[in-house]
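If you want the building blocks of each chain, they are given just below.
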Amino acid sequence: MASLDILAFGAHPDDVEIGMAGTLAKYKEKGMRIGICDLTMAELSSNGTVEIRQAEAKRAGEILGLDARIQLDLPDRGLALTEAHIKEVVTVIRTYKPKVIFAPYWKDRHPDHGNCAKIVEEAAFSSGIRKYIVEDDLEPHKVQNIFFYMINSMHQAQFYIDITNHVEKKTNALLAFESQFEVGNNGVVTPLTNGYVDSVISREKVYGKQIGSVYAEGFFAKGPLIVNNDLIGGI
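Residues numbered from 1 in each chain as written. Predicted model: local features only at pLDDT ≥ 70, side-chain atom pairs only at ≥ 80, totals over all residues. Heavy atoms only, no water.

A. Here's a closer look at the overall build of the protein. Helix and strand content of the protein: 7 helices and 7 strands. Secondary structure of the protein in N-to-C order comes out as β-α-β-α-β-α-β-α-β-β-α-α-α-β. Computed over its C-alpha atoms, the radius of gyration of the protein comes to 17 Å, within 12% of the 18 Å expected for a compact globule of 235 residues. The C-alpha extent of the protein, read off along each of the three principal axes, is 50 × 50 × 30 Å. (Helix = DSSP H or I, 4+ residues; strand = E, 2+ residues; numbered from the N terminus. Rg over C-alpha atoms; globule rule 2.2 N^0.38 Å.)

B. Up close: the sheet that holds strand β2 (residues 34-40). Here 7 strands make up an open sheet; going across it, the order is β3-β2-β1-β4-β5-β7-β6 and the pairing mixed. A strand with exactly one partner marks an edge of an open sheet, and here the two such strands are β3 (68-74) and β6 (159-162). Within the sheet, the average angular offset between the axes of one strand and its neighbour, ignoring direction, is 30°. Relative to strand β7 (residues 216-221), β6 is paired through 4 bridges, and the arrangement is antiparallel. The residue bridging I161 from the neighbouring strand is E217, located in β7. (Pairing = 2+ DSSP bridges. Axes fitted to C-alpha atoms, helices over the stretch in contact; angles between N-to-C directions.)

C. Spatial organisation of the packing of aromatic side chains. With the rule as written, the count across this model stands at 9 aromatic pairs. With a centroid separation of 4.9 Å and an interplanar angle of 85°, the aromatic rings of W106 and F148 are classed as edge-to-face. Remark: F148 occurs in strand β5 (residues 145-149) and W106 occurs in the loop between β4 (100-104) and α4 (111-127); sequence separation between them is 42 residues. Given a relative accessible area of 33%, W106 falls into the partly exposed group. Relative accessible area serves as the criterion here: at 0%, F148 is assigned to the buried category. (Phe/Tyr/Trp six-rings, centres within 6.5 Å; stacked < 30°, edge-to-face > 60°. Buried < 20%, exposed > 50% of the residue type's maximum accessible area, 1.4 Å probe, protein only.)

D. Expanded view of the side chain of R53. If you trace the backbone, R53 turns up in helix α2 (residues 50-64). For R53, a relative accessible area of 2% gives the class buried. Side-chain polar atoms of R53 contact the backbone oxygen of P13, separated by 2.7 Å. (Polar contact = N/O pair within 3.5 Å; in protein donor to acceptor, adjacent residues only side chain to side chain.)

E. Molecular detail of helix α5 (residues 167-175). Listing the buried residues of α5 in full gives V167, K170, A173 and L174. For α5, the angular spread of buried residues about the axis comes to 120°, placing them on one side. Turning to α5, the residues buried within the fold contact α1 (15-29), α2, α6 (178-181), α7 (196-210) and β7. (Arc of directions from axis to C-beta. Contact = heavy atoms within 4.5 Å.)

F. Spotlight on the pairing of strand β1 (residues 6-10). Counting buried positions along β1 gives 5 out of 5 residues, so the element sits mostly inside the fold. The side-chain alternation of β1 yields two buried faces, one formed by I6, A8 and G10 and the other by L7 and F9. As paired elements, β1 and β4 share 3 bridges and run parallel to each other. Paired with A8 across the bridge in β4 is F102.

G. Quick look at α1. Here α1 spans 21 Å end to end across 15 residues, near enough to the 21 Å set by a 1.5 Å rise per residue. Largest kink in α1: about 70°, centred on A21. With 11 of its 15 residues buried, α1 lies for the most part within the structure. Within the span of α1, buried status applies to D15, V16, E17, I18, G19, M20, A21, G22, T23, L24 and A25. Count one or two residues on from α1 and you reach G31, which has phi positive near 95°. (Expected span 1.5 Å × (residues − 1). Bend = angle between axes of the 7 residues up to and from the residue.)

H. Local environment of the pattern of salt bridges. Per the counting criterion, the structure on display carries 13 salt bridges. For K99, the salt bridge is made with D5, and the minimal N-O distance between the two is 3.1 Å. Placement of the pair is K99 in the loop between α3 (83-96) and β4 and D5 in the segment before β1, with a sequence separation of 94 residues. Assessed through its relative accessible area of 17%, D5 is described here as buried. A salt bridge links E204 to K170; the shortest N-O distance between them is 3.1 Å. Within this pair, whereas E204 is found in helix α7, its partner K170 is found in helix α5, the two being separated by 34 residues in sequence. In this structure, E204 and K170 share a single accessibility class: buried. (Salt bridge = Lys/Arg side-chain N within 4 Å of Asp/Glu carboxyl O.)

Written out as structure tokens, the structure is:
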């Protein structure tokens, strides 16, 4: 299994696209290997079906050029900080050996997003412990860093990534989830069907203004950020 440079975790298919599709597209363009792991199949979503969501996630992944899209089968609205859930994520991390992982920012109106963050953070730590055993006896893997992206929230981030040249791909990846953002046949109105994609792109425009660009995505880190050679415009 080829390793990934970046692996982003979400509770549901579309979480990662909402929070950081532009960043994934940007680093893919730089030649890095990128992937998404969805913890649940979002089987309790008000609109769409599991089958529809899977097809939409596949399409979004193709738009972003993902090197891997991993689908776990943890329970929607049942994510919890249990050993079983942590081990499933450890298995993913050890299999794909990412350098950096992302998870949802823990301050979000949807409890699954915060619980996903807790599970991924615990798994990232346990993945590097030699005597922590999972199935298939996968070797330990220590990620270089873990960062957190926003889904429904809009907070003053700790750092931003300019996605001006990649906002179109982000928009198209979001629009691939038509069942979630449009009221289709037999659909119901939800917070996601009322201009949600426009609001996400508007948020990224506000973040872009903060850093002197047009669009940006905001992130958080629990540890200190290290600046090596990109303090002044990439020099």
